[in-house]
Amino acid sequence: MITVKNLTKRYARTVAVDHISFEVQKGQIVGFLGPNGAGKTTTMRILTCFLPPTDGGANVAGFDVLQQPLEVKKRIGYLPESPPLYPEMEVREYLTFVGKLKGMSGLNLAKRVGEVSDRCAVSDVSRRLISKLSKGYRQRVGLAQAIIHNPDVLILDEPTAGLDPKQINETRELIKGLAGDHTIILSTHILPEVEQTCEQVIIINKGKLVATDSVHNLQNRARGAETVLVEVEGRDSALDAGSVQRRLESIAGVSRVVPKESRNNRSAFEVESLKDRFIRGDLARAVVESGWNLNELRPTAMSLEEIFLQLTGGEKPEAVAEPAPEPVAASEGEKQ
Amino acid sequence: MRNIWIICQKELRSYFSSPVAYLLLTMFALIFGFFFWNSVGYFNMMGLESQMRGQSMPMSVNEYVIRPLLSNISVIGLFFIPMITMRLFAEEKRMGTIELLATSPIRDMEVIIGKWLAAVMLYAVLLLFTAVNFAFLFKYGNPDWRPMAMGYLGLLLQAGGLLAVGTFISTLTKNQIIAGAATFGVCLMLWVLEWVAGYETATWAKVLAYMSVITHYESFGKGVLDTKDAVYYVSLIFLGLFLTSRSLESLRWRS
């Protein structure tokens, strides 16, 4: 459905997208994963014919983005990072306008506006001005706008950015529900989002393709080793952080124990397992049997940075919990 | 054609669903009403004087009231044109809705013409308000409608050109105020360029004077359709719309 070959986009000083190639099959949901400024938005803008590529090409729904942009545009629905809404319009009026832009008219359009309003749960505000809507409703109106003409391909740029957890869940469910009829590419920098919604993942970083794989395979590759945060409290006597660390290190399957903060008779550690070892049960038992209280035991989420480093074969950085730093130059180029 | 009309409708809707159109109409009607009142008052006084002196010099309403008032409109319009065009593209760029237009199966030129057409239509509504004043002249006098119609055609053509230039300037920025101020500056320059012809007769001065939008209005004001002047206005329209399309395209290559 989508074929991208050697796609390159150069700005004056930066290369936003660097020789990316991938394919997306019909009916798939593909997650486009990367830190901010990785070139996700640029790639999506090229696929939607908003930006022309500097080099290479892309074929969407059987048409070339440079040669037949109008044909491509007829077959795609696009939700940019901030939904393209006109605040002075009512929801129904806006959806009707977008439908007309996409070439629909008459009864067919009126019927379709009703359908997508129901599907995206915005029917109850169809008579409200968009400027009066909450962020979650706006996002859903944006989604309704993207599917109004029942396009073959849906391109969603960070569809859950800025929503609250409940809205995020609703939006993900909505996107999953759309999967059967449409081929969907959605970009995100949140890994769990990909795990929950997508079948296939394309990871890019600094404009380069890092990996394309199924979610299942990626999880296995990323989850080989587990990292767990443990907080231990002394029950009767003062807690000796050093002895706790030695006890934790002695558990089979533990590869490394990094002491974190320590205060008020409590100490926290980050414990890393060897590859393919499940250590949480052993950890809990060891702490309790040693006569300490186990205050907290939770797997720390694999940060995207770690997965990138694993996938690209880099060394694990010291500051594990830090979010991925933004490559400033690239993001400047990306956001006009 | 259909796409042009879709865009045009949307723009008109957004003019008239916000206070913009009503504010412009009210101000324009008030200002022009004042001009009209003064002009007619002056004309009456002149008529009274000439009667008292016993001269029954025939005085033409067309020449003493309508023609000067129409050229006044072209100047008042100068101040209103930036307010009409400044939001056309600047607002789409600021709100990100330009991405919706650019990724819909619709050509740039259709978007541009649709927006420009909506601006011209709003200006035409402003002109319609001035026609209400003139209607009174027809009730109490007997002016000739033909030069007046020609005058209105000239006004519409002139505004069409300046609105096209304003549309172009609106693509250059996300900030409406900047777009409006720049458009006003350009409109004002295009107006006063003609002044050099007053003291300088060299070729460059003639060229500058030719570029002035006011120079080309004179013939229309007299009720004459001079092809040369019509061609000037139509070229200005095409130039403005062409620059707009270039600007939109370069936006994509640069962004």
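Residues numbered from 1 in each chain as written. Chains lettered and ligands numbered in written order. Predicted model: local features only at pLDDT ≥ 70, side-chain atom pairs only at ≥ 80, totals over all residues.

Residues and elements named next belong to chain B. The N-to-C vectors of helix H6 (residues 108-140) and helix H7 (residues 145-170) enclose an angle of 145°; their axes lie 9 Å apart at closest approach. Considering the relative orientation of H6 and H7, their crossing is right-handed. Seen from H6, the contacting residues are Ile112, Lys115, Trp116, Ala119, Val120, Tyr123, Ala124, Leu127 and Phe134; seen from H7, they are Met148, Tyr152, Leu155, Leu156, Ala159, Gly160, Leu163, Ala164 and Thr167. The residue inventory of the contact of H6 with H7, partitioned by class, reads 15 nonpolar, 2 polar and 1 charged. (Axes fitted to C-alpha atoms, helices over the stretch in contact; angles between N-to-C directions. Helix = DSSP H or I, 4+ residues; strand = E, 2+ residues; numbered from the N terminus. Left-handed = near helix turned anticlockwise from the far one by under 90°. Contact = placed C-beta atoms within 7 Å. Nonpolar A, V, L, I, M, F, W, Y, C, P; charged D, E, K, R; others polar.)

Let's shift gears to helix H5 (residues 135-147) of chain A. Residues and elements named next belong to chain A. With 13 residues, H5 should cover 18 Å at 1.5 Å per step; its first-to-last C-alpha distance of 19 Å lies within 8% of that length. By the criterion of burial, H5 is predominantly enclosed, with 10 of the 13 residues buried. Along H5, the positions that sit buried rather than exposed are Arg138, Gln139, Arg140, Val141, Gly142, Leu143, Ala144, Gln145, Ala146 and Ile147. Here the buried face of H5 lies against strand S6 (76-79), helix H3 (91-101), helix H4 (106-119), strand S7 (153-157) and helix H6 (165-178). (Expected span 1.5 Å × (residues − 1). Buried ≥ 20, exposed ≤ 12 C-beta atoms within 10 Å, placed from the backbone.)

Attention now goes to the interface of chain B and chain A. At the interface, 17 residues of chain B touch 21 residues of chain A. Elements with a contribution of two residues or more to the side of chain B that touches chain A: helix H1 (2-17), helix H5 (98-102) and helix H11 (227-254) of chain B. If one sorts the elements of the side of chain B that touches chain A by residue count, H1 of chain B sits on top with 4 residues. Grouping the amino acids of the side of chain B that touches chain A by side-chain chemistry returns 6 nonpolar, 8 polar and 3 charged.

Next up on the list: the nonpolar core. Nonpolar side chains in soluble globular proteins tend to end up buried together. Residues Tyr94, Ala144 and Ile155 of chain A together with Leu163 of chain B are the most contacted members of the largest nonpolar core, which totals 116 residues. In terms of residues, this core owes the most to one element, H7 of chain B, which gives 10 residues. Non-local contacts of Ala144 of chain A, meaning those with residues more than four positions away in its chain, are made with Leu95, Val116, Ser117, Cys120 and Val122 of chain A. In this structure, Val230, Ile279, Leu283 and Ala286 of chain A belong to the second largest nonpolar core, which totals 12 residues. (Core = buried A, V, L, I, M, F, W, Y, C linked by C-beta atoms within 7 Å.)

Moving on: the environment of Ser82 of chain A. Following the sequence through the fold, Ser82 of chain A ends up in the loop between S6 and H3. Residues Ser82 of chain A and Gln139 of chain A lie 57 residues apart in sequence; the distance between their C-alpha atoms is 8.1 Å.

With that settled, the discussion passes to the environment of Phe89 of chain B. Residues and elements named next belong to chain B. With respect to the helices and strands, Phe89 occurs in helix H4 (residues 87-95). On the neighbour-count criterion, Phe89 (28 C-beta atoms within 10 Å) is buried. It is 12 Å that separates the C-alpha atoms of Phe89 and Ile113, two residues lying 24 residues apart in sequence. For Phe89, the contacting residues outside a window of four places in its chain are Ser170 and Thr171.

Attention now goes to the sheet that holds S7 of chain A. Residues and elements named next belong to chain A. Read across the open sheet, the 6 strands follow the order S6-S7-S8-S3-S9-S10; overall the sheet is mixed. The sheet is open, and its two edges are formed by S6 and strand S10 (208-214), each paired on a single side. For this sheet the average axis-to-axis angle between neighbouring strands, irrespective of direction, equals 15°. Taken together, the 4 bridges between strand S3 (residues 29-33) and strand S9 (residues 200-205) define a ladder with parallel strand orientation. Directly across from Val30, in S9, lies its bridge partner Gln200. (Pairing = 2+ DSSP bridges.)

Attention now moves to the confidence of the model for chain A. All names here are of chain A. Of the residues in chain A, 87% reach a pLDDT of 70 or more, and the chain-wide mean stands at 82. Averaged pLDDT values over the elements of chain A bottom out at 40 in helix H12 (residues 328-334) and peak at 95 in H3. Throughout residues 315-336 the model reports pLDDT below 50, and contacts reaching past four residues in sequence, or to other chains, amount to 37 contacts. (pLDDT = per-residue confidence, 0-100.)

Before going further, it helps to spend a moment on the sheet that holds strand S11 (residues 227-234) of chain A. Either a parallel or an antiparallel arrangement is found when strands of a sheet pair, and the pairing is made through backbone hydrogen bonds. Residue and element names in this part refer to chain A. If you walk across this open sheet you meet the 4 strands as S12-S13-S11-S14, and the pairing is antiparallel. With partners counted over all chains shown, the strands left at the sheet margins are strand S12 (254-263) and strand S14 (292-299), one partner each. Direction aside, the axes of adjacent strands within the sheet are offset by 20° on average. With 7 bridges joining them, S11 and strand S13 (residues 266-273) adopt antiparallel strand pairing. Paired with Val230 across the bridge in S13 is Phe269. Packed on one face of the sheet, helix H9 (residues 241-249) meets S11, S12, S13 and S14 and runs near 160° to S12. Across the sheet, helix H10 (residues 280-289) lies against S11, S13 and S14, angled at about 165° from S14, the strand it touches most.

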